[in-house]
Amino acid sequence: MEIIRADAAGFCSGVKRAVKMAEEVAVAGRRSEQRPVLVYTLGPIVHNRLVVNHLAEQGIKGVESLEELLEKNSPDTECQLIIRTHGVGPGVIQKAKDRGIKIIDATCPLVKRVQRLAGDLIAEGFDVIIIGDRCHPEVIGILDWTHGQGRVISSVEEAQAIPYGTRLGIICQTTQTEHTFQEISAILHEKAREVRAYNTICPATRERQEAARSLVKKVESMVVIGGFDSANTRKLVQLCADSAKPTYQVETASQLDPTWFKGIQRVGVTAGASTPDWIIEEVVNKMLEFDQESTVTQEMEDESLKAATEVDQGENTEFSPSSSENQEIEEGGVQDSFEAREEENEVVETLEEQLTRDMPDLRPGTVTVGKIVQVRDDEVLVDVGGKSEGIIPLKELSVRNLTTAREVVEVGDEIEVYVVRAENDEGTMILSKRRADQIKAWVDLEAAFESGQEMAGEVVQVVKGGLLVDVGVRGFVPASLIERGYVSNLDVYLGKVLRLRIIDLDRNKNKVVLSQKVILEEEYEKAREELWATIEAGQQRPGIVRRLTTFGAFVDVGGADGLLHISEMSWIHINHPSEVVQENDEIEVYVLAVDKEKQRISLGLKQIIPSPWEKAAEKYQIGEIVSGKVVRTVPFGAFVQIEPGVEGLVHISQLAPYRVERTEDVVNAGDEIQVKVIDFKPHEQRMSLSLSKAREELEAAEQQEIVDAYQAEQTEAEDPMVVGE
Ligand code: SF4
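Residues numbered from 1 in each chain as written. Predicted model: local features only at pLDDT ≥ 70, side-chain atom pairs only at ≥ 80, totals over all residues. Heavy atoms only, no water.

## Some points on the sheet that holds strand β24 (residues 540-549)
Backbone-to-backbone hydrogen bonds join strands into a sheet, with any given pair of strands oriented parallel or antiparallel.
Then, in step 1: Reading around the barrel, the five strands line up as β24-β25-β26-β28-β27 and close back on themselves, with mixed pairing between neighbours. The average angle at which neighbouring strand axes cross in this sheet is 50°, direction not considered.
Then, in step 2: The pairing of β24 with strand β25 (residues 552-556) spans five bridges and is antiparallel. Residue R547 lies in a different strand from β25, and its bridge partner there is F554.
Then, in step 3: Sitting on the sheet, helix α16 (residues 517-534) touches β24, β25, β26 (561-565), β27 (586-595) and β28 (600-604), and the angle it makes with β28 is about 80°. (Pairing = 2+ DSSP bridges. Helix = DSSP H or I, 4+ residues; strand = E, 2+ residues; numbered from the N terminus. Axes fitted to C-alpha atoms, helices over the stretch in contact; angles between N-to-C directions. Contact = heavy atoms within 4.5 Å.)

Printed below as a string of C-alpha cells:
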C-alpha cells in the first residue's frame, strides 16, 4: 500500500505560534519567584484534545467562561489568560483586564485582521455579514467586534433571505471553504448598492483544502487526522467525502482500523490545522504496521501553494511533547521568544498583505474593468489587467437571448465585468458582463424607483400576461399596464421601446414590475386640465378616433373625448360613420360646441373641408341645363342631386307645362333627368330647377336642329354645282 501525505497538512503558523506562546508562558510561570502564576485558556487553545492535554500537563488549564476564571482569581496568585487563536471580542479582554488578569493574546493575526475589518466596516456604516458558523468561537468573537450589529449566515438560503440594503460588508470565518464563500458572496453582491467583500479565508486553510482536494483524486481512500471539534478538520473530512472516496477521521493512531485498508493500493493522509506533526507521524507509522510492504510518499507541491508553504518552512519552531519538555530557556529567553513571535507575526501579516495586494479586484464577486481582445460567437475573451484574461460565456453577456456575442460587443470595447470564478476546471477565469450590468442596473433601478423617474425599456419577449423589457435586468410589464386602453395583441410591441416607470421592485426576489400606462394616464390627466382650460367652439384641433357607434364617433381631442355626430361627418348623406373614419385614425376636427359644466364637446368634420356648394357656385349658372338624379319625391315637387352634396328642388309647378296632381305622375326617385337652373343661391345652399323648361328648351333645340338639317338638304338639291365641286 502506498501512503501519500498531503503536501500541506497539520499545524498552521497561527496554531504553532499560539502553542509556542502557551509553552513559554507556562515555563515563565513555573520560574516565577513572586506570586504563584496560574495560566488559563478560555476554551481549548486549539481544537485538539491531545495538544490541550499536553499543555495541561504543563499547568495550562482551560476554563469555559470568564466568570469561571474570575472565581479562580485571588490576591495571592497572579492570574494569566491566554487568548486562543480564535480570538475573543473586545468586551471579554476589557473585562478580564479590569479584574487584574494579565492577557496573553495568542489570537492568530489572520483572525485579528477579520476582527479589524469587522470593526472598520461597522464604523463606516456598512451592514456586516459574516459567513460562518454562528456557534464557532472565532465567529462569536468577530461578531463582538461589530458590537453585535453584524449578521452571521452560513447558507445560500440565508443569503437569499437578506433584505436589500444600501451598503453591505462581507467577511468570512477563516476556515470556510472557498466554494461556500464564493457562492454566498455572489448572492450578497446583488443585495446592496455598494458591496465590499473580503475573502478572509486563511491561506493555510485554503492550502490544506486544495492539497486534500488534489490528493483525494489520486487515492482510493483518505485518512483525515484532527480533533472532532475542529472546524477546519471537519471541512477537510467533508471535502474528501464529497469525492465519494471512503474517508476516515481519527484523532489518534489508536483509532485506526486495519480493515479500512484491505485491498487498498493507495491511501491519502491529511490533517487539520490543529494537528501537530507528531500525531501525524504516529498515525502514518501505525498504518505502516498494518502492511509491512507499505511505502510513504509526499504529494508533490503545487506551484500556486508555494508561497504559503515557504512561510511555514521559514518557521523553525517545531512542536512536540518532548521538545517543549526539554527546552532550556536562558535568561531573557522568554523575551527573545516574544521577539521571534513578533517576527513570525510579521511574516503572517506579510502573507496577508500579499493576499490582498496580488488579488485586488479579481476575486470572485468583485467587479472590474476589462478590454475585449477577442469575440467569438459563443464567448468573449477579456483582458482584465495584470496579465490576466478571462472568458465571458455567451449567456453571461446580456440579459437578452443572443445568438452570437457579436450582437452586443466588439474587440476593443471597455466593459465592466463581474468575476464569477477565479478559475474553472481548466484554469480559466470566468467573467460575466450580465451580472456587472445587473449590479449597476439595480443601483439605477433602486434610485429610479425611489424618485419615480421615467425610463426607457425595449420589449425583448412576449410572455403570458405581459411583456419582458430590458431595463438592465429583465422587467415585467403586465398587459393591463401597457396602454390606457385594452391591448389585444401583445406581439406588436416586440422590439419597441416603451416609456416606463417602476411600480414594484424587490431585489431579493429579482422582481421589477413596470408600467407605461401610469405615465400615459398622468399625461392624459394633465392634458385634460389644459384642454378644458383652453377649448372653445370654433377651434380646429387634432384628435384620434377612439370608438365608433351607429350615431357617430368619439374622438379624443387630447384630454377628453368629444362626439363627432354622423350628421357632422360629411356634406353628403352617409349610412354609417365607418364610411368616413376608422378607429385610431388621426384626424382634424372642428369644435362645434363646448359644455364645460357637463364636460361635453360636440365636434364636426365636414366644417373643415370645402362645401360642395362652394364648388358648385363656380360650376353652375342660372339658365344652364344640367343632368341630375331624382333622390326623393315630395308632395310639392322632387329633389334632384346634381352632384354629391348639391341638391336642387324641382317645384311641382315646374314639372310639366300643365297642372300636375302628383309628383310621381311625372318623376320618381332614381330617374335620371335634365333640368334647367332657374335660381341659384349657393351661400343658402338653394338651387331651383325646372323640368318643364328644360324639356321645352331641349325640344325646341331638337326641332331647330331638324329644321336646320332640312334646310341644308334643300339648299344642296337646288344648287347642283355645289354637289359637283
Ligand atoms: S486563521 Fe489560519 S493560520 Fe490562523 S490559526 Fe486559523 S487556520 Fe491557523
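Past the structure itself, the notes keep going.
## Points about helix α5 (residues 109-123)
Then, in step 1: The first and last C-alpha atoms of α5 sit 21 Å apart over 15 residues, in line with the 21 Å expected at 1.5 Å per residue.
Then, in step 2: Those residues of α5 that sit buried are P109, L110, V111, R113, V114, Q115, L117, A118, L121 and I122.
Then, in step 3: Directly beyond the C-terminal end of α5, a positive phi value near 90° is found at G125. (Expected span 1.5 Å × (residues − 1). Buried < 20%, exposed > 50% of the residue type's maximum accessible area, 1.4 Å probe, protein only.)

## Structural notes on the pairing of strand β19 (residues 455-463)
Then, in step 1: Relative to strand β22 (residues 497-506), β19 is paired through four bridges, and the arrangement is antiparallel. Considered in β22, the bridge of A456 is made with R499.
Then, in step 2: By the bridge criterion, five bridges tie β19 to strand β20 (residues 466-470) in an arrangement that is antiparallel. Paired with E458 across the strands is D470, a residue of β20.
Then, in step 3: The antiparallel pairing of β19 with β20 creates a hairpin that spans two residues between the two strands, and G465 there sits at a positive phi of about 90°.

## Details of the layout of surface pockets
Then, in step 1: As a volume, the second largest pocket reaches approximately 710 Å³.
Then, in step 2: If you trace the second largest pocket, you find 21 residues lining it, with E483, R484, G485, R546 and N584 closest to the centre.
Then, in step 3: Put simply, the parts of the chain that give the lining of the second largest pocket at least two residues each are α16 and β24.
Then, in step 4: Looking at the lining of the second largest pocket element by element, the count peaks at four residues for α16.
Then, in step 5: Among the residues forming the lining of the second largest pocket, the class breakdown is nine nonpolar, four polar and eight charged. (1 Å grid on protein atoms, 1.4 Å probe; cavity = no way out; pocket = protein on both sides within 12 Å on 5 of 7 lines; lining within 4 Å. Points joined across faces, edges and corners; volume = space filled by probe spheres on them. Nonpolar A, V, L, I, M, F, W, Y, C, P; charged D, E, K, R; others polar.)

## Looking at empty space enclosed by the protein
Then, in step 1: In this structure the tally under the stated criterion is four cavities of 30 Å³ or more.
Then, in step 2: One number sums up the size of the largest cavity: a volume of about 260 Å³.
Then, in step 3: Lining of the largest cavity is provided by 22 residues; of these, V15, T85, H86, T175 and N232 occupy positions nearest its centre.
Then, in step 4: Elements that contribute at least two residues to the lining of the largest cavity include exactly α1 (13-31), α5, α9 (203-216) and α10 (231-241).
Then, in step 5: Residues belonging to the lining of the largest cavity are distributed by class as follows: ten nonpolar, eleven polar and one charged.
Then, in step 6: For the lining of the largest cavity, the domains that each give at least three residues are domain 1 (1-108 + 231-358) and domain 2 (110-201). (Domains from an automatic or database assignment.)

## Let's talk about the site of the ligand
Then, in step 1: Within the structure, the ligand sits among C12, G14, T85, C108, V111, T174, C202 and T205.
Then, in step 2: Placement of the ligand is best described as lying within the largest cavity.
Then, in step 3: Taken together, the residues of the shell around the ligand sort by class into four nonpolar, four polar and no charged. (Near = heavy atom within 4 Å. Sits in = over half its atoms within 2 Å of the grid points.)

## A few points about the pairing of strand β32 (residues 672-681)
Then, in step 1: Note: strand β29 (residues 625-634) against β32, five bridges, orientation antiparallel. Along β32, the bridge assignment pairs S627 with Q674.
Then, in step 2: As paired strands, β32 and strand β33 (residues 686-690) are joined by five bridges and run antiparallel to one another. Across the sheet, the residue bridging to F680 is M687, located in β33.
Then, in step 3: Adjacent in sequence and paired antiparallel, β32 and β33 are bridged by four residues, among which Q685 carries a positive phi angle near 55°.

## A look at the pattern of salt bridges
Then, in step 1: Summed over the entire model, instances satisfying the criterion amount to 37 salt bridges.
Then, in step 2: E458 is paired through a salt bridge with R400; the nearest N and O atoms lie 3.2 Å apart. With E458 in strand β19 and R400 in the loop between β16 (388-393) and β17 (414-421), this residue pair connects regions lying 58 residues apart in the sequence.
Then, in step 3: For R400, a relative accessible area of 29% corresponds to the partly exposed category.
Then, in step 4: K511 is paired through a salt bridge with D504; the nearest N and O atoms lie 3.1 Å apart.
Then, in step 5: Its relative accessible area of 34% is what places K511 among the partly exposed residues.
Then, in step 6: Residue D504 is classed as partly exposed on the basis of its relative accessible area, which comes to 30%.
Then, in step 7: Taken together, the salt bridges that share partners define one network made up of E124, R167, E194 and R196. (Salt bridge = Lys/Arg side-chain N within 4 Å of Asp/Glu carboxyl O.)

## Brief notes about helix α2 (residues 49-57)
Then, in step 1: For α2, the complete set of buried residues consists of L50, V51, H54 and L55. Each buried residue of α2 lies within a common arc of 135° when the element is viewed along its axis, so the set occupies one face.
Then, in step 2: The N-cap of α2, judged by a side-chain oxygen 3.0 Å from the amide nitrogen of L50 a few residues on, is N48.
Then, in step 3: A positive phi of about 100° marks G59, the residue just after α2. (Arc of directions from axis to C-beta. Polar contact = N/O pair within 3.5 Å; in protein donor to acceptor, adjacent residues only side chain to side chain.)

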